[in-house]
Amino acid sequence: MAYEPTAGELVHLNRCVELAAEALDAGDEPFGTVLAAESGETLFEDRNRTADGDQTRHPEFEAARWAAAHLTPEERAAATVFTSGEHCPMCSAAHGWVGLGRIVYVLSSAQLAAWRAELGVEPGPVAAIPVQEVVPGLPVDGPVASLEAAMRDLHTRAVSAG
């Protein structure tokens, strides 16, 4: 079932889609992430940076690293990570180990895997495991139906460019 974000959440989610487009324009896979404080203030944002061959340069992982270095445990727990796509297991684990709070994503790992299969792309080397299987009890909301078409377009373009 799709999640209906608030107006404030939608601002962050739209920025995630913009960051994903920036990543694609830079030759990376289209993923973007915004880390927001409990107040809604943007604390950190990044896009995928894997084009150089380092497949750990996911924006969700970078957000976890930034949070560990700059936020107290209480601030991390109260923060929300907005992202264009559900965390992969690596990023889910980083999120859990750092103690970040809620996640809101535009598209699920299952959706992305299905789209990529439709486009003839082989599955990646890591299983598409839902965040909550990696970090039990973590509040997670998504997918966001109103932004799915934009993300599907970016991922289709990425496959076509690849």
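Residues numbered from 1 in each chain as written. Predicted model: local features only at pLDDT ≥ 70, side-chain atom pairs only at ≥ 80, totals over all residues. Heavy atoms only, no water.

(A) Geometry of the overall build of the chain. Counting secondary structure elements, the chain contains seven helices and five strands. Relative to its length of 162 residues, the chain is compact, with a C-alpha radius of gyration of 14 Å against a globular reference of 15 Å. Taking the principal axes of the C-alpha coordinates as reference, the chain spans close to 45 × 30 × 30 Å. When each of the 162 residues of the chain is scored for burial, the buried share is 47%. Taking the contacts inside the chain whose residues are at least 6 apart along the sequence as the reference set, 61% of them involve residues at least 24 apart. When the accessible surface of the chain is totalled, it reaches about 7,900 Å², and 55% of it is carbon and sulfur. In the chain, which carries 10 positive and 24 negative side-chain charges, the distance between the mean positions of the two groups comes to 4 Å. (Helix = DSSP H or I, 4+ residues; strand = E, 2+ residues; numbered from the N terminus. Rg over C-alpha atoms; globule rule 2.2 N^0.38 Å. Buried < 20%, exposed > 50% of the residue type's maximum accessible area, 1.4 Å probe, protein only. Contact = heavy atoms within 4.5 Å. Areas by Shrake-Rupley, 256 points an atom, 1.4 Å probe, with all protein chains shown as cover. Lys, Arg positive; Asp, Glu negative; His and termini not counted. Charge placed at Lys NZ, Arg CZ, Asp CG, Glu CD.)

(B) Local environment of the pattern of salt bridges. The final tally for this structure, using the stated rule, is twelve salt bridges. Here arginine 15 and glutamate 18 are joined by a salt bridge, their closest N and O atoms 3.1 Å apart. A residue pair is termed a helical-turn pair when its members lie 3 or 4 positions apart in one helix, as arginine 15 and glutamate 18 do in helix α1 (residues 7–25) at three residues. Across the salt bridge formed by glutamate 62 and arginine 57, the nearest N and O atoms sit 2.9 Å from each other. The class for arginine 57 is partly exposed, based on a relative accessible area of 27%. (Salt bridge = Lys/Arg side-chain N within 4 Å of Asp/Glu carboxyl O.)

(C) Structural view of the environment of threonine 42. Examined against the element boundaries, threonine 42 turns out to sit in strand β2 (residues 42–47). Not counting residues within four places of it along the chain, the set of residues in contact with threonine 42 comprises His12, Val34, Leu35 and Ala36. Within the structure, threonine 42 has its side chain in polar contact with the side chain of histidine 12 (distance 3.5 Å). (Polar contact = N/O pair within 3.5 Å; in protein donor to acceptor, adjacent residues only side chain to side chain.)

(D) Layout of the packing of aromatic side chains. Summed over the entire model, instances satisfying the criterion amount to one aromatic pair. Aromatic side chains phenylalanine 44 and tryptophan 66 sit 5.7 Å apart centroid to centroid with 25 degrees between the ring planes, which places their arrangement in the stacked category. You can see phenylalanine 44 sitting in strand β2 and its partner tryptophan 66 sitting in helix α2 (residues 59–70), a full 22 residues away along the chain. You can call phenylalanine 44 buried: its relative accessible area is 16%. (Phe/Tyr/Trp six-rings, centres within 6.5 Å; stacked < 30°, edge-to-face > 60°.)

(E) View of the packing of α1 against helix α7 (residues 145–161). Taken N-terminus to C-terminus, the directions of α1 and α7 make an angle of 10 degrees; their axes are 10 Å apart at the nearest point. What the angle tells us is that α1 and α7 run roughly parallel. Across the interface between the two elements, Leu10, Leu13, Asn14, Val17, Ala20, Ala21, Leu24 and Asp25 of α1 pack against Ser146, Leu147, Ala150, Met151, Leu154, Arg157 and Ala158 of α7. Classifying every residue of the contact of α1 with α7 gives eleven nonpolar, two polar and two charged. (Axes fitted to C-alpha atoms, helices over the stretch in contact; angles between N-to-C directions. Parallel < 35°, antiparallel > 145°, perpendicular 65-115°, else oblique. Nonpolar A, V, L, I, M, F, W, Y, C, P; charged D, E, K, R; others polar.)

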